[in-house]
Amino acid sequence: MNLLLAAALLPCLLWDKGPPPSNIPICPPAANRIKLPTPATSFRGHIASATRAPWVTSNGWRFLRQPDGHFAYDAPGPTAALAAAEAFSYQVHAGIHTDDRGLGPLGDMLAFLKSLPDEDLRPVVNIGFLDDGSPQSGEFMNLLVRRNLLFKVVKSPDPKLDLTVELGTPEYPRSEAANPSLLAEKARARLTDEKRLLRIYGSEVVVGRLLGNGTAARLLLLNYGAARNAVNGTRIRVLGSYPHQHAMQFGASALDLQDVVVQNGATEFTVPELKTFGVIDLTR
């Protein structure tokens, strides 16, 4: 599916409180919507940890597992905007149930998404994941998404991809499934950092989605910690030489990239401040 179709997949509103708002499309009836957790970041203070890493609730792996599904969020307040950006980034059918506080952020986010220039782009990946449908595979995919290891679900190994990952193989044994973070690090090491399509430094709460067509790319950046804080000084590396960049951000008039370097077949830059959602268009 390319990004030109994404306009037809803009999120809609699940509304049951009387007359609906006029600026937000209402979802058509759909049976068996898949309920999603609210996208967010939490800090689990009751759990002892050496790193105190935040826990990111991202639905990207659910969308990659069921790309044709119809989903439903319960996203109160400002989280409605993040939910809309997340669903848009993965080009899925999603309805968002929110409260009165969420209507303004949701309407503003939908207006921003509609304003993005149309581009003929497809997801850029170099990892194939053989999904057996198990909860363990789901958590493995979740960690791949959160580590920004860009993959797609495949039914058999694809020789065009740099790496194939499957739980239950000698490389990724089920005996280690209780530690999906370890398995995700194994996948990263086998891929090698040189082949990573996207690297995000300095933040554990920013997840990227990369689209491209060989001559242009679009990077979608989701800040899952937006309810707490903007993320400052995020350094990003995209594989590929893109001397021209144009950055946009929800809730801001402009997004000026800093310290742009294009060399050795990669493009690096710093996002000085990322609020909820940023979009960076790259061209050769």
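Quick notes on the rules
- Residues numbered from 1 in each chain as written.
- Predicted model: local features only at pLDDT ≥ 70, side-chain atom pairs only at ≥ 80, totals over all residues.
- Heavy atoms only, no water.
- Disulfide = S-S within 2.5 Å.
- Helix = DSSP H or I, 4+ residues; strand = E, 2+ residues; numbered from the N terminus.
- Buried < 20%, exposed > 50% of the residue type's maximum accessible area, 1.4 Å probe, protein only.
- Pairing = 2+ DSSP bridges.
- Contact = heavy atoms within 4.5 Å.
- Axes fitted to C-alpha atoms, helices over the stretch in contact; angles between N-to-C directions.
- Salt bridge = Lys/Arg side-chain N within 4 Å of Asp/Glu carboxyl O.
- 1 Å grid on protein atoms, 1.4 Å probe; cavity = no way out; pocket = protein on both sides within 12 Å on 5 of 7 lines; lining within 4 Å.
- Points joined across faces, edges and corners; volume = space filled by probe spheres on them.
- Nonpolar A, V, L, I, M, F, W, Y, C, P; charged D, E, K, R; others polar.
- Parallel < 35°, antiparallel > 145°, perpendicular 65-115°, else oblique.
- Left-handed = near helix turned anticlockwise from the far one by under 90°.

Q: Can you help me understand the state of the cysteines in this one?
A: Where two cysteines share a covalent bond between their sulfur atoms, that bond is called a disulfide. Under the definition given, this model contains one disulfide. Paired by a disulfide, cysteine 12 and cysteine 27 hold their sulfur atoms 2.0 Å apart. Disulfide cysteine 12-cysteine 27: torsion about the S-S bond near 100°, hence right-handed. Taken as a pair, cysteine 12 in strand 1 (residues 12-13) and cysteine 27 in the loop between strand 1 and strand 2 (34-36) lie far apart in primary sequence, 15 residues in all. Pair check on accessibility: cysteine 12 and cysteine 27 agree, each one buried.

Q: Help me understand the sheet that holds strand 18 (residues 277-283) in this model?
A: In a beta sheet, neighbouring strands pair by backbone hydrogen bonds and run either parallel or antiparallel. Judged by pairing direction, the sheet is antiparallel, and its five strands sit side by side in the order 7-12-13-18-15 without closing on themselves. Looking at the sheet topology across the chains shown, the edges are occupied by strand 7 (122-123) and strand 15 (244-249). Bridge analysis of strand 13 (residues 216-223) against strand 18 gives seven bridges, and the strand direction is antiparallel. Across the sheet, leucine 220 pairs through a bridge with valine 279, a residue of strand 18. Contacts from helix 3 (residues 100-115) reach strand 15 and strand 18 within the one sheet, and its direction differs from that of strand 18 by about 5°.

Q: Before we go on, may I ask you to explain the pattern of salt bridges in this structure?
A: Opposite charge on two side chains allows them to pair when their charged atoms are near. Scanning the entire structure with this criterion turns up 13 salt bridges. Among the salt bridges present, the one from lysine 152 reaches aspartate 158, with a minimum N-O distance of 3.7 Å. Residue class for lysine 152 comes out partly exposed when judged on its relative accessible area of 34%. For arginine 235, the salt bridge identified is with glutamate 268, shortest N-O distance 3.4 Å. Taken together, the residues span a long stretch of sequence, with arginine 235 in strand 14 (residues 231-239) and glutamate 268 in strand 17 (residues 266-274) at a distance of 33 residues. Classification of glutamate 268 as partly exposed rests on a relative accessible area of 26%. Ionic contacts of the salt-bridge type, sharing partners, join the residues Arg147, Glu185, Arg188, Asp193, Arg196 and Arg199 into one network.

Q: What should I look at first to understand empty space enclosed by the protein in this one?
A: The gaps of empty space that remain are located by a probe, the size of a water molecule, rolled over the atoms. The tally for this structure, following the rule as stated, stands at one cavity of 30 Å³ or more. There is about 100 Å³ of room inside the largest cavity. What lines the largest cavity is a set of 14 residues, among which Tyr90, Leu150, Phe151, Gly208 and Arg209 lie closest to the centre. Considering every element that reaches the lining of the largest cavity, the biggest residue donor is strand 12 (residues 206-212), with four residues. Classifying every residue of the lining of the largest cavity gives 11 nonpolar, two polar and one charged.

Q: Just checking my understanding: could you explain the packing of helix 2 (residues 79-90) against helix 3 for this structure?
A: Any two packed helices are characterised by how steeply their axes cross, that is the angle between the axes, and by the distance between the axes. For the pair helix 2 and helix 3, the least separation of the axes is 7 Å and the interaxial angle reads 30°. As far as their axial angle goes, helix 3 and helix 2 are roughly parallel. Of the two elements, helix 2 crosses helix 3, and the hand of that crossing is right-handed. Only Gly102, Pro105, Leu106, Met109, Leu110 and Leu113 of helix 3 make contact with helix 2, whose side of the interface consists of Ala80, Ala81, Ala84, Ala85 and Phe88. Of the residues belonging to the contact of helix 2 with helix 3, the class tally is 10 nonpolar, one polar and no charged.

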